[in-house]
Amino acid sequence: MIIFGVRGHVRAFESGDPASAGPHAKMAQNEVVDLVLPTDNDALFHGGGPAFYQYIERDYKGVKSTPWEGGQYGFVRDPVETGAGIVYTRFHEGIDIRALHRDAKAEPLDEVRAIADGKVVHTNLVPGFSNYGKYIVIEHEWGGSPYYSLYGHLGAIDVRVGQSVQRGQHIGVMGYTGQGINQERAHLHLELNLMLSHRFEAWYDKFHKHDPNHHGIYNGINLTGLDIARLYVELRQEPSLTILQFLGKEETFYKVAIPKSRHFELPKLYPWMLGSNTVADRASWEVSFTRSGLPLKIEPSARRIRRPEITYIKQSPVDTSFLTNDVAAGRGNRAHLTEYGKQQMRLLIWPD
Ligand SMILES: [Zn+2]
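Residues numbered from 1 in each chain as written. Predicted model: local features only at pLDDT ≥ 70, side-chain atom pairs only at ≥ 80, totals over all residues. Heavy atoms only, no water.

A. Focus on the nonpolar core. By size, the foremost hydrophobic cluster in this structure holds 88 residues, and its most contacted members are Tyr151 and Tyr270. Per-element tally for this core: the top contributor is strand E9 (residues 145-157), with six residues. (Core = buried A, V, L, I, M, F, W, Y, C linked by side-chain atoms within 4.5 Å. Buried < 20%, exposed > 50% of the residue type's maximum accessible area, 1.4 Å probe, protein only. Helix = DSSP H or I, 4+ residues; strand = E, 2+ residues; numbered from the N terminus.)

B. Representation of the environment of Thr311. Among the secondary structure elements, Thr311 is positioned in strand E17 (residues 309-313). Judged by its relative accessible area of 24%, Thr311 is partly exposed. Distance in space between the C-alpha atoms of Thr311 and Leu266 is 19 Å, their sequence separation being 45 residues. Apart from the residues within four sequence positions on either side, Thr311 is in contact with Lys255, Val256, Ala257, Glu286 and Arg303. In terms of polar contacts, Thr311 uses its side chain to reach the side chain of Glu286, at 2.6 Å. (Contact = heavy atoms within 4.5 Å. Polar contact = N/O pair within 3.5 Å; in protein donor to acceptor, adjacent residues only side chain to side chain.)

C. Just the coordination of the zinc ion, in detail. Taken together, the protein donors to the zinc ion comprise His92 (NE2), Asp96 (OD) and His189 (ND1), at separations of 2.0 to 2.1 Å. For Asp96, a relative accessible area of 2% corresponds to the buried category. (Donors = N, O, S within 2.8 Å, 3.2 Å for Na, K, Ca; no water.)

D. Representation of the packing of helix H3 (residues 200-207) against helix H7 (residues 339-347) in the model. As a packed pair, H3 and H7 sit with axes 10 Å apart at the nearest point and diverge in direction by 155 degrees. Between H3 and H7, the angle is such that the two are roughly antiparallel. The way H3 lies across H7 gives a crossing that is right-handed. Listed contacts from H7 to Phe200, Trp203 and Phe207 of H3 are Gln343, Gln344, Arg346 and Leu347. Residues belonging to the contact of H3 with H7 are distributed by class as follows: four nonpolar, two polar and one charged. (Axes fitted to C-alpha atoms, helices over the stretch in contact; angles between N-to-C directions. Parallel < 35°, antiparallel > 145°, perpendicular 65-115°, else oblique. Left-handed = near helix turned anticlockwise from the far one by under 90°. Nonpolar A, V, L, I, M, F, W, Y, C, P; charged D, E, K, R; others polar.)

E. Spatial organisation of the packing of aromatic side chains. Counted according to the given criterion, the structure contains 16 aromatic pairs. Considering the side-chain rings of Tyr53 and Trp68, the 5.9 Å spacing of their centres and the 20 degrees angle between planes classify their relative orientation as stacked. Of the two residues, Tyr53 is situated in the loop between helix H2 (23-31) and strand E1 (58-60) and Trp68 in the loop between strand E2 (63-65) and strand E3 (74-82); the sequence distance between them amounts to 15 residues. Ring centres 5.2 Å apart and planes at 85 degrees place the aromatic pair Tyr73 and Phe91 in the edge-to-face group. Of the two residues, Tyr73 sits in the loop between E2 and E3 while Phe91 sits in strand E4 (residues 85-92), which places them 18 residues apart along the sequence. A relative accessible area of 15% means that Tyr73 is categorised as buried. (Phe/Tyr/Trp six-rings, centres within 6.5 Å; stacked < 30°, edge-to-face > 60°.)

F. Up close: the pattern of salt bridges. For the structure shown, the criterion picks out 14 salt bridges. One salt bridge in this structure joins Arg230 and Glu234, with 3.1 Å as the shortest N-O distance. One end of the pair is Arg230 and the other is Glu234, both in helix H4 (residues 228-237) and four residues apart, which spans about a single turn. For Glu234, a relative accessible area of 16% corresponds to the buried category. (Salt bridge = Lys/Arg side-chain N within 4 Å of Asp/Glu carboxyl O.)

G. Quick peek at H7. Taken together, the buried positions of H7 are occupied by Gly341, Gln344, Met345 and Leu347. Relative to the axis of H7, the buried residues are bounded by an arc of 150 degrees and lie together on one face. The elements touched by buried residues of H7 are H3, strand E14 (254-259), strand E15 (284-289) and strand E19 (336-337). (Arc of directions from axis to C-beta.)

H. Region of interest: the side chain of Asn41. By secondary structure assignment, the location of Asn41 is in the loop between H2 and E1. One polar contact links the side chain of Asn41 to the main-chain carbonyl oxygen of Ala51, over a distance of 3.1 Å. If we ignore the near neighbours within four places in the chain, the residues touching Asn41 are Ala51, Phe52, Ile97, Arg98 and Leu100.

I. How the structure looks around the environment of Lys209. Along the chain, Lys209 falls in the loop between H3 and strand E13 (223-225). Among the residues examined, Lys209 registers a relative accessible area of 61% and is labelled exposed.

J. Up close: the pairing of E15. Taking burial as the measure, the six residues of E15 include six buried ones, the bulk of the element. Every second residue of E15 is oriented toward a common face, with Ser284, Glu286 and Ser288 on one face and Trp285, Val287 and Phe289 on the other, all of them buried. Pairing between E14 and E15: six bridges, direction antiparallel. The residue bridging Tyr254 from the neighbouring strand is Phe289, located in E15. Sheet topology note: the E15/strand E16 (residues 295-301) ladder contains six bridges and is antiparallel. The residue of E16 that forms the bridge with Ser284 is Ser301. From the end of E15 to the start of E16, which pair antiparallel, there are five residues, and Gly293 there has a positive phi angle of about 95 degrees. (Pairing = 2+ DSSP bridges.)

Everything listed here is a matter of geometry and, on its own, says nothing about what the molecule does.
Below you can see the structure in the form of structure tokens.
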């Protein structure tokens, strides 16, 4: 369990020079999100497109295509024809970076590196245990909050759990482990995530008991990804950009009221979501989410509720189930959480 205040203090103490690096100085220093790309492929900074993103294989109504757009972050997959045109219903939580280096047998050789200073917290060595195949999760700390970069479909993992790594340090080799990938489509799947709950394992066992969890709290379901491509590009223009400022530009797609609970961990992990609000003496919280379910903001509310419920959803020309990864369904005043949506929201306050 991460208690951010204590942890920040311990780190500052360990830095060895209390005069120049007290808790405050360390905090300010850590605020800076200093990222490098994880492979030699830097085409993202020259327009992105097919030179950067690995294409996907699409079969839409019997027509086969290989759009590179499917490798981007966002709702870029599984097109569905609706009354309001084609809607891409499946969310891709990270970016797929294509290989630049191959050996004579076309095996990918690209070195994979840590995108920032951090600590290795999880390695999945058994490809069949995850859609991500072999993957690594590294914990980073910026502004006192934890963030998790995830490197999927690896061919080799060259770090161990507990190991500290530096920005740009070799951690593995690109591959094509995991579901639905082949040698030709070898790529690195890269995410940058927030964590939802350290009680994830108990929640998972309740709702997914037939599918064992081999990843502890570092299961992809417990990690919610931000738009890492946009973050890279904007950090280039504005190196002092914070995660708070970055997420401030994301649109709120829906808001959910969450019953008051001492297990609600988001405001402890990411106090910036509270802004200047305090959580005392209120009946519930209202959490703002992006379309993909990334939490952006937490506001106290006087509303008395027993179960999470939708309090706002953006107007849309199609049923919101197409737009929200099935977290919500219906439209306008009749929008509501699906069973799946209710489960997801309960994770935030589990075991309540
Ligand atoms: Zn991917």
